Each structure stands twice: as structure tokens, then as C-alpha cells.
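Coordinate inspection notes
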Amino acid sequence: MTIAAVGEPSTVQPTTLDVDALRAEFPILAGSSRGKPLIYLDSAATTQKPQAVLDALSHFYASANANIHRGVYELSERATVAYDGARVRVAQFIGASNDSEVVFVRGTTEAINLVARSFPAITPGCTVVVSEMEHHANIVPWQLAGARTVPIPVTDSGELDMVAAEKLIGERPAMLAVVHVSNALGTVNPIAELCRMARAVDVPVLVDGAQAVGHFSVDVAALGCDFYCYSAHKLYGPTGIGVLWAKAPHLAQMPPWQGGGDMIDTVSFERTTFAPAPGKFEAGTPHIAGVIGMVAAIDWLERQDRDALHAHEADLLAHGTELLASIPGLRLVGTAADKIGVLTFTLSGVHPHDLASLLDADGICVRAGHHCTQPLHRRLGLPATTRASLAPYNTRAELDALAGSLNHAAELFAR
Ligand code: PLP
């Protein structure tokens, strides 16, 4: 979403979302923390879950729980139908042409590890172009596979240097692996443009969509990438489940990376053959309930007026940006023109961890540290920052409370 620069009139449309009704769907939001009403501003770490997801999980365990694929009894068939049907639903959700291109994994981290370990072009000594704003999950797996990670630089406002990107991609790395939306800055990267650059020189592209799918619709075909991955827990769904989407020819040439039940065709002591994708990548009993919960989250999200969610989040971002910019000694980090609801900052004279503890005493949940982006923080010359990350269930009043607590902290430490 595009926001006005600080001091300029907001370009955001008035919000039409019934925020109270939306909040009522999230039981945890009515709770408290440290004896104060809970103000949850850490949705980039994990989103809260609507009742629809909680119900789907408990309904599955109460009425359909069985292991999948090999049971001949009705209960197992029910679980199998739900699990296999989920793949079709996920394919629709991200614009994939075929459900066989959807691999269920533990989350974004596991998806990237799978590709780093199994994609034939990733060999010791190869180059993977990443960016300076990557989460560690999109750096370390490539390094473990022996690749050299070469970063696209990030500008002072927190955007990719696209001239440098084109040059690095032109050197034909084994992979371009880039984040769709930065968890630390909120920047929405121009993925379709990067994919066009990569396609021109036959470089495959993996997109880390962990922070994207919960904020706006994603269409992998329109983006033109080769791999896309996300975690359900940042999409109002359960932890421990996520998706790797990959183009079918890539999955066909990738060997399994874990062995066990459910991923085989035949097994003997002499030779084992494997199931076709996606089964060959899903060894062992999968997180069946997680898959059911993820589908409930997708169904829930797609029942919402997504334009209204988007407008409300943009309004919150504009309001929060304006409030924070007026706090003495506060420096906003990440001011890209296109960003999601992430407010990352430093406050002069206060360590981010101390600041997060002060906010915690007021019932406000934020994150402090490097947000698993140490190279980015090094680039910005900051050991740590504080991050308030928004979801459409947040309110202007919560941001007012955040600003009140920050002003108080600024006064305290200025003495
Ligand atoms: N990539 C980004 C941009 C993230 O924000 C995160 C989590 O914060 C991850 C990857 C890793 O996600 P997970 O821990 O769910 O595997």
C-alpha cells in the first residue's frame, strides 16, 4: 500500500471496515496482558486466529481425526478427503494452475530448506542472489547447501536497488531468492519486475511470501516466479504448517529430501522408488489438522472484504507513521513508498529491549531485536530496532496508546 510522506495529507481512503465486528471474531483480543487490555502489535511474528480457525481445528479432532491415505475405514477417508482437498484450495488461493504443485511443509523456513537441499542447480560454490533485507530463513539454507549468498543492496528508505539487482541477476546466479514483503521494514518488493529480469536470463526465482499472503492477494502465475512459500501462522492459521509452491517441471527434477512413509512408490531392500510430486516431499504423517486449519484461515480471509481490510491497514499505517514521527528522538526505519503495516523504529537513548519491556508493562506487545535480519540491521548501522506490526484487527486507539507509551518513555529517558 502506498502512504503519504510524513507531513503530507494522507491519500488513504476512509475505511469502511467494521473493526469491532472483526475484532469480535478473535477471542484473544478481548483479553488482557499485565493487567491492561491486550494491545497486540506483533502480527508480523504471528497473527492471532479467528474463531473460525479455532472451530475448524477442534471440529477436526472431535469428528474426523484419523491418519490419512492408508486407512480403508470411513473416518480415515474423511480425513484424507479433507487433506487432499486442501491442496486444491491452496492452489486456488495463490493462483497455481495445478494442486500437484503444492507441497505441504512446516512453514517458510522448511520450504526454503527443501529447495536449497533438492533443487539440482544449487551446488557447492554456486551463487544465490538474495537481498540485504532477507530474513535469515532466506540466507542460511542456501549457505548450508554450499552456495555463496550475494545480496542486492537496500537503499536508505528500505527499497531494493533495482539497478544493482539487474546487474547481479545478469550474472546468471543459480537462483534469485528474494522476500516479497520485508518483515523488518514492511517494504513490498517489485517481484514481477525482478521475475521479468530473471526470466530474460533463465534464472529461477524463489519468493519468500511469509509476510505477503496475509496482507494482499498473491497470484504466482502473474508474478512469474518459480517457487513461492509461506507460513499459515502469519495468515491467521495454525503454526507448524505452510506451503511450498513450485512449477511442476522443477518438482519433477527434484529428488526427495526426507525419506519415510507416504513418499514412496515401492520399497525393497535393494531399491526404493518414489511417489510423484508433491507426495515425494511429504515423508511421514503430515500436520493434518494444520492443513485443515490453514484452509479454514484461507476461507475466513476470502470471506472478508479484502479491499476494506487493505484500506483499514493503510489508514492505520498512515496514522501510526504520523504519530510516531512526532515523538522526540524517534527514528522510523523503513519508509518505502509501498509498504504493509509495519512500524519499525529506534528511540534515542533507549535500548529497543528496554523499550519493549516498558511497552509490555502497558499491555502492548511489540518486538525488539534484529527480527532475524542481522545483515539488514548491519547495513542500517543499527544493532536492534523495535517493531510494531499491524493487522486489520488493530485500531487507531491502539496506536494512540502506543504513541502515549512511547512519549512517556521518551520523557523518562530524556531526564
Ligand atoms: N521469511 C520472513 C519474511 C519472515 O517474516 C519469517 C518469519 O518471521 C520467515 C521467513 C520464517 O517463517 P517461519 O518461521 O514461519 O518458517
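How each quantity is defined
- Residues numbered from 1 in each chain as written.
- Predicted model: local features only at pLDDT ≥ 70, side-chain atom pairs only at ≥ 80, totals over all residues.
- Heavy atoms only, no water.
- Domains from an automatic or database assignment.
- Contact = heavy atoms within 4.5 Å.
- Buried area = accessible area lost by both parts, 1.4 Å probe.
- Salt bridge = Lys/Arg side-chain N within 4 Å of Asp/Glu carboxyl O.
- Pairing = 2+ DSSP bridges.
- Helix = DSSP H or I, 4+ residues; strand = E, 2+ residues; numbered from the N terminus.
- Axes fitted to C-alpha atoms, helices over the stretch in contact; angles between N-to-C directions.
- Near = heavy atom within 4 Å.
- Polar contact = N/O pair within 3.5 Å; in protein donor to acceptor, adjacent residues only side chain to side chain.
- Areas by Shrake-Rupley, 256 points an atom, 1.4 Å probe, with all protein chains shown as cover.
- 1 Å grid on protein atoms, 1.4 Å probe; cavity = no way out; pocket = protein on both sides within 12 Å on 5 of 7 lines; lining within 4 Å.
- Sits in = over half its atoms within 2 Å of the grid points.
- Nonpolar A, V, L, I, M, F, W, Y, C, P; charged D, E, K, R; others polar.
- Buried < 20%, exposed > 50% of the residue type's maximum accessible area, 1.4 Å probe, protein only.

Here we take up the domain arrangement of the protein chain. Assigned domains of the protein chain: these are domain 1 (19-49 + 305-414) and domain 2 (64-302). Here domain 1 and domain 2 have C-alpha centroids that lie 28 Å from each other. The partner domain 2 presents 33 residues to the 38 residues of domain 1 that form the contact. Contact between domain 1 and domain 2 buries roughly 2900 Å² in total, counting both sides, with carbon and sulfur atoms accounting for 54%. By the criterion of area lost to domain 2, the three top residues of domain 1 are Arg306, Ile340 and Arg379, representing 25% of everything that side buries. Where domain 1 meets domain 2, there are 2 salt bridges.

As a further point, take the sheet that holds strand S16 (residues 367-369). Read across the open sheet, the 4 strands follow the order S13-S14-S17-S16; overall the sheet is antiparallel. Only two strands of the sheet have a single neighbouring strand rather than two, namely strand S13 (330-333) and S16. Neighbour to neighbour, the strand axes of the sheet diverge by 30 degrees on average, direction disregarded. Where S16 meets strand S17 (residues 385-389), 3 bridges bridge the pair, whose relative direction is antiparallel. The residue bridging Arg367 from the neighbouring strand is Arg387, located in S17. Of the strands in this sheet, strand S14 (342-347), S16 and S17 touch helix H12 (residues 352-361), which is tilted by about 165 degrees from S16. This element, helix H14 (residues 396-414), spans S13, S14 and S17 of the sheet and lies at about 10 degrees to S14.

Turning our attention to the site of the ligand. Around the ligand, a shell composed of Thr108, Thr109, His135, Ala137, Val179, Asn183, Asp208, Ala210, Gln211, Ser231, His233 and Lys234 is seen. Between a nitrogen atom of the ligand and a side-chain N or O atom of Asp208, the distance comes to 2.5 Å. Notes on the ligand: free accessible area 400 Å², of which the protein chains cover 84%. The cavity that encloses the ligand is the largest pocket. Tallied by class, the residues present in the shell around the ligand amount to 3 nonpolar, 7 polar and 2 charged.

Attention shifts here to the sheet that holds strand S5 (residues 127-131). Reading across from one edge, S4-S10-S9-S8-S7-S5-S6 is the order of the 7 strands in this open sheet, with mixed pairing throughout. Each edge of the open sheet carries a strand with a single partner, namely strand S4 (102-105) and strand S6 (148-152). Across the sheet, the axes of successive neighbouring strands diverge by a mean angle of 20 degrees, strand direction being ignored.

Take the pairing of S14 next. Counting buried residues in S14 gives 6 out of 6 residues, a clear majority hidden from the surface. Every second residue of S14 is oriented toward a common face, with Val342, Thr344 and Thr346 on one face and Leu343, Phe345 and Leu347 on the other, all of them buried. Here S14 pairs with S17 via 4 bridges, running antiparallel. Counted as the bridge partner of Val342 is Ser389 from S17.

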